[in-house]
Amino acid sequence: MGLKDDILRRRTFAIISHPDAGKTTLTEKFLLHGNAIQLAGSVTARKNQRQSTSDWMDLERKRGISISSTVLQFDYDGYRINLLDTPGHQDFSEDTYRVLTAVDAVVMVIDSAKGIETQTRKLFEVCRRRHIPIFTFMNKLDRPTMDPLELLDELEHVLGIAAFPMVWPLGTGFHFRGVYDRMKKEAHLFEFGSNGAYRVPEQVGSLSDPIVTDRMDPNEHAILLEQIAMLDHAGAQFDIEAVRAGRMTPVFFGSARNNFGVQLLLDGFLQYADPPRPRSSNGVEVKLDSETFSGFVFKIQANMDPRHRDRIAFLRICSGRFERDMTVTHSRSGKTIRLSNASKLFGRDRETVDEAVAGDIVGFVGHSLLGIGDTLTEDPSIVYNEIPRFPPECFSLLSNPNPSKFKRFREGVDQLLREGVVQGFQPRGSATQIPILAAVGPLQFEVFKYRLESEYGAEVDLGATDWKFARWVHPSVDRATLTPGILPTGAIIADDARGQTVILFPGDWALSVFTQKHTAIELSEAPYDDGAAD
């Protein structure tokens, strides 16, 4: 198979949702279908374990939420699927946003009983700005839900996107029997019993088939026929170009918990989602099937396997073909590095990657030089600027209460800051060289502390602060003019990880006073070298 054909069968997407909408459950049901292929030998898997959890950190299991974005790869129906399971908790939006730079489409999961919730709206807006195609899964149809027509109306009016139902539910809640595939005009009736542990038995027939009419109340069946007729005659027309431009979302209904409708969603997604999209470097589009390999790092994770103190940098391949042991240029440092320890992930399991193409996600183990946003390329002129940076909203003072464990403390802090778990600001003139921690949400500090203690055996204290805002100072401002004497009470000057000057303010009043007194000092909510600061 040629490079172009290899690329065309790639699908790389993320699942987004509000917490508890069923995102992780849907991820695992996708993997269930991937496991069926694994048993046929396409992807290595443990023969005695059919499930593969995507939440690998103990803290995630204790809290019942996804904290770390997980990258999973499997083959299904001739496609090579790269699936990124992202954090749903609002405190981890920064990590989620970074992941969205590496995908070509998203599946948006909505709890059908609650409709569109806060975090879903925020993530949707990020996808809209990046023109990412969005496929919607209305989940939990086996429980009491909002009216399906009401859910469609909410999509169109709250999110401002046209909605086209690809399938339609045969009842909801206790009366949920299955879904009707509007494209193939087939009704799929599901059998309860396995709690979603396996592919569920199903029957397929037309809406007038006795297997449908016998299992539905006559009134419900009549309402179903009326709704489908209304959708066919008065609903939106399916427009694949609008889907690819992010203006229309194909809508599927089902229950991830019971594995109802999941295969229809997966099959529909693979049919209508785009293959990998080309990325631009310095305003020039880089061809996917170029002979030149290139990609960018969008995530770094350490200690995914507690048996190995390792560090994995996840890279989205943007052009060409990766081959193990190839040498590439690290754009930020200009150094040449050899890519030998390449892996793909399936839950906790890893498999060495000898070859990958544009659209794939590959993990590189042990390269301490790599940072989030870095470009790896065979052509040094290619540099990607895909990763946004976000202004922190919470700050914490970090300290080491046990000097005898300072080496472990320092090693852990340095590693977690490189991963982007939190941001670190070094106060000017500080003798301790211990950074101030900054994050989008306070739960990130809990993760930082948990991982320092559990993975590095360090001890750590986190103290509260009065700072509310971080503002970056324009690089043209003379550093010598930035002295503590020009600051309002409670504000301090620090440097971020890239050496840029940042001022921390305790509140609106202090920020207002400073900007009024020092009009010549330009401030920004985001670093000045970030062209994607939305």
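You'll find the structure just up there.
Keep in mind the model is a prediction, meaning the values are calculated, not measured.

*Asks:* Could you clarify how one ought to interpret the overall build of the protein in this entry?
*Replies:* The number of helices and strands found in the protein is 13 helices and 31 strands. For the protein, buried positions account for 57% of its 534 residues. Residue pairs at least 24 apart in sequence account for 71% of intrachain contacts in the protein once pairs closer than 6 positions are excluded. With an accessible surface of roughly 22,400 Å², the protein has 49% of that area assigned to carbon and sulfur atoms.

*Asks:* What exactly am I supposed to notice about the pattern of salt bridges here?
*Replies:* Inspection of the entire model under this criterion finds 27 salt bridges. Residues joined in a network through salt bridges with shared partners are Asp-6, Arg-9, Arg-10, Arg-321, Glu-355 and Asp-360.

*Asks:* Is there a simple way to think about a negative patch on the surface in this case?
*Replies:* The grouping of Asp-147, Glu-150, Asp-153 and Glu-156 at the surface amounts to a negative patch. With respect to the helices and strands, the residue Asp-153 is situated in helix 6 (residues 148-158). The class for Asp-153 is partly exposed, based on a relative accessible area of 40%.

*Asks:* So what exactly am I meant to see when it comes to the packing of aromatic side chains here?
*Replies:* Aromatic ring pairs are defined here through the distance separating the ring centres and the angle between the ring planes. Tallied over the full model, the rule gives 14 aromatic pairs. Ring centres of Phe-296 and Tyr-384 lie 6.2 Å apart, and the angle between their planes is 55°; on these two criteria the pair is classed as tilted. Of the two residues, Phe-296 is situated in strand 14 (residues 294-302) and Tyr-384 in the loop between strand 23 (375-377) and strand 24 (394-399); the sequence distance between them amounts to 88 residues. Both residues of the pair, Phe-296 and Tyr-384, count as buried. Here Phe-406 and Phe-409 contribute two aromatic rings whose centre-to-centre distance is 5.9 Å and whose plane-to-plane angle is 35°, an arrangement assigned as tilted. Taken together, the residues Phe-406 and Phe-409, both in helix 11 (residues 406-419) and 3 residues apart, mark about one turn of the helix.

*Asks:* Got a minute to help me understand the sheet that holds strand 10 (residues 202-205) in this structure?
*Replies:* Sheet strands associate in pairs through backbone hydrogen bonding, adopting either a parallel or an antiparallel arrangement. An order of 7-8-9-10 is seen for the 4 strands of this open sheet, with the pairing classed as antiparallel. In the strand order of this sheet, the two ends are held by strand 7 (167-170) and strand 10, each with one partner. Geometrically, the sheet is characterised by an average inter-axis angle of 25° between neighbouring strands, direction not taken into account. Where helix 8 (residues 218-234) meets the sheet, its contacts fall on strand 7 and strand 8 (178-181), and the angle it forms with strand 7 comes to roughly 165°.

*Asks:* What is the right way to read the sheet that holds strand 28 (residues 469-473) from this model?
*Replies:* Strand order in this open sheet of 8 strands is 27-24-26-25-29-30-28-31, and the pairing throughout is antiparallel. Each of the sheet's edge strands pairs with one partner strand only, and the pair in question is strand 27 (461-464) and strand 31 (523-524). With 2 bridges joining them, strand 25 (residues 423-427) and strand 29 (residues 492-495) adopt antiparallel strand pairing. Each residue of the ladder has a partner; that of Gln-426, found in strand 29, is Asp-495. Relative to strand 30 (residues 501-505), helix 13 (residues 508-517) is tilted by about 130°, and along the sheet it contacts strand 28, strand 30 and strand 31.

*Asks:* Where do I start with unusual backbone geometry in this structure?
*Replies:* Glycine aside, a negative phi is what most residues show, and trans is what most peptide bonds show. Positive phi, close to 75°, is recorded for Asp-20, a residue that is not glycine. Here Asp-20 shows up in the loop between strand 1 (10-17) and helix 2 (23-39). We classify Asp-20 as exposed; its relative accessible area is 56%. Although it is not a glycine, Asp-325 adopts a positive phi angle of roughly 80°. Its location among the elements puts Asp-325 in the loop between strand 16 (321-323) and strand 17 (326-330). Residue Asp-325 is classed as partly exposed on the basis of its relative accessible area, which comes to 34%.

What counts, and where the lines are drawn
Residues numbered from 1 in each chain as written. Predicted model: local features only at pLDDT ≥ 70, side-chain atom pairs only at ≥ 80, totals over all residues. Heavy atoms only, no water. Helix = DSSP H or I, 4+ residues; strand = E, 2+ residues; numbered from the N terminus. Buried < 20%, exposed > 50% of the residue type's maximum accessible area, 1.4 Å probe, protein only. Contact = heavy atoms within 4.5 Å. Areas by Shrake-Rupley, 256 points an atom, 1.4 Å probe, with all protein chains shown as cover. Salt bridge = Lys/Arg side-chain N within 4 Å of Asp/Glu carboxyl O. Patch = residues over 30% accessible without salt bridge, like charges linked within 9 Å, V, L, I, M, F, W, Y side chains within 5 Å. Lys, Arg positive; Asp, Glu negative; His and termini not counted. Charge placed at Lys NZ, Arg CZ, Asp CG, Glu CD. Phe/Tyr/Trp six-rings, centres within 6.5 Å; stacked < 30°, edge-to-face > 60°. Pairing = 2+ DSSP bridges. Axes fitted to C-alpha atoms, helices over the stretch in contact; angles between N-to-C directions.

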